[in-house]
Amino acid sequence: MTAGTETPGVDDAVLPFAVEALDVRGRVVRLGPSIDTILRRHGYPDSVARLLGEAAALTVLLGASLKFEGRFQLQTKTDGPVEMIVVDFEAPDRLRATARFDAERVAALGSAPVRDADLIGNGYLAMTIDQGSAASRYQGVVPMEGQSLEEAAHQYFLQSEQIPTVVRLAVAESLGEGDGHWRAGGLIVQFLPQSIDRARLADLPPGDIPEGHAHLGPDAPEDDAWVEARSLAATIEDHELVDPNVSSERLLYRLFHERGVRVFDRQPVHETCRCSRERVMGMIRSFSPEERRDMVADDGRIVITCEFCSRRYDLDPAEVETEIAQGS
C-alpha cells in the first residue's frame, strides 16, 4: 500500500492486512449503520451503548478470521450493572448483539464517562467458536475481574491462543444535523512469524522443566519486530478508529507506511438476526406441556420477543400444540 491508494471510508466492513517486514497480520473493522441500528433499537443508555459497541467491534474482529461457515459468539455474565452481553457473528458477515442491564444501577453511575470495569464488574467472558456440532465447538473463558474488554481480549490471547496480540476498540456517537449516529471501530494486530521460537511468549516457570530445556521467563526480551509493531499500534487514537473521514487504508498507511502494509479484500458486515418462527417453535417444543400452558398470557396468546432484534412472535396456543403434535 502506497500514498494515494486509499479509498473513501467504508462502514460496516473488515479490512484484513499484513506487514510482512514485521511478521504481523491483522484486521481493521468499521461499524456504522449496523451498530447504530443495534444500539438505537433498544434505546440503551449511552454508557451501555458504548460498552455493547466495543463488544460488537471485538466480536467482528475475531469472528472475521473464521475460514468456514460457523458462528463466533462473545458473552459476558457478571455481577455489574450490565449483567450480560451477547454478541453473535455468523460467518461470513452476519452480526447481532444485545445487552441486559439494571437501569437503576446504570443511572446511579452518573452521566460522566464510565469505565468498562464499573459496568461489567466481576464474572466471566466466554468466546465460543461453533461449527455446528458439539465435536467442533471450542470455548475460551476469561475471568472478568475489573478489566476492560480490551484487556480481557489480551488475556484471552495470552492464555488460550499464545499469540502476541494488540487489540484497540473505540465507540463514539457522531453528531450532525438531527440525531446522532453511533459508530464503532477496532484494530487487531498479531505477531505471526514463521519461526515458532520467535513467537513464544514470556511465561511463568513451567514447573518440572527438564534441565537444559529452553524457557522464556517473565523478563525474557521480546522480538524486535513485535516490539516495533506493538509500539506503532499503541499510537492509534480512539477518534481514528471511528472517524468516517479516516478510512481504514489511511489509518494503516499512517501506522505502517515505513515498513509497507498490504491490504486484502474487504469483508462486509451486516446487521442481521437469526430469529424466525421456526426457531421460536423449536424453542417452545423444548418445554413441557405444563410450562407451555404457563406461557399463555391473559389475552390467551403466547408472545415471544427476540432479545436481539425485538421482533414479536404472536402465537395461538392451540396452533402451537397442533404443530408440536404433528411434528412428534
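Look a little higher up for the structure.
Here is a short report on the structure shown in this document. (Residues numbered from 1 in each chain as written. Predicted model: local features only at pLDDT ≥ 70, side-chain atom pairs only at ≥ 80, totals over all residues. Heavy atoms only, no water.)

Topic: helix 9 (residues 248-256)
Rules: Only protein chains enter the accessibility calculation, which uses a 1.4 Å probe; a residue is then buried when its area is under 20% of its type maximum, exposed when over 50%, and partly exposed in between. Secondary structure elements are taken from DSSP: a helix is a run of H or I of four residues or more, a strand is a run of E of two residues or more, and numbering for both begins at the N terminus. Here the arc refers to the set of directions running from the helix axis out to each C-beta atom. Residue contacts are defined here by distance: any two heavy atoms, one from each residue, within 4.5 Å place the two residues in contact.
When helix 9 is considered as a whole, its buried residues turn out to be Ser248, Glu249, Leu251, Leu252, Leu255 and Phe256. Down the axis, helix 9 shows its buried residues gathered within 160° of arc, on one side only. The inward-facing, buried residues of helix 9 abut strand 1 (13-19), strand 2 (24-31), strand 9 (181-191), helix 7 (224-233), helix 8 (238-242) and strand 10 (262-263).

Observations concerning the state of the cysteines
Note the threshold: Cysteine sulfur atoms that pair up within 2.5 Å are treated as a disulfide.
The tally for this structure, following the rule as stated, stands at 0 disulfides. Cys275 takes part in no disulfide bond, and the closest cysteine sulfur to it belongs to Cys309, at a distance of 3.5 Å. Cys275 sits in the buried class, given a relative accessible area of 18%. With no disulfide of its own, Cys306 lies 3.5 Å from the sulfur of Cys273, the closest cysteine sulfur. By relative accessible area, which is 11% here, Cys306 ends up buried.

Focus: the pattern of salt bridges
For clarity, the threshold we go by: The rule for a salt bridge is simple: a side-chain nitrogen of Lys or Arg has to be within 4 Å of a carboxyl oxygen of Asp or Glu.
Within the structure shown, the criterion is met by 23 salt bridges. Arg41 is the salt-bridge partner of Glu271, the closest N and O atoms lying 3.2 Å from each other. In this pair, Glu271 is assigned in strand 12 (residues 270-271) and Arg41 in helix 1 (residues 33-42), connecting sequence segments 230 residues apart. With a relative accessible area of 22%, Glu271 lands in the partly exposed category. The partner of Glu222 in a salt bridge is Arg230, with the nearest N and O atoms 2.5 Å apart. Exposure remark for Glu222: the relative accessible area of 41% places this residue in the partly exposed category. Beyond isolated ion pairs, a larger network of salt bridges with shared partners links Arg71, Asp88, Arg96 and Asp130.

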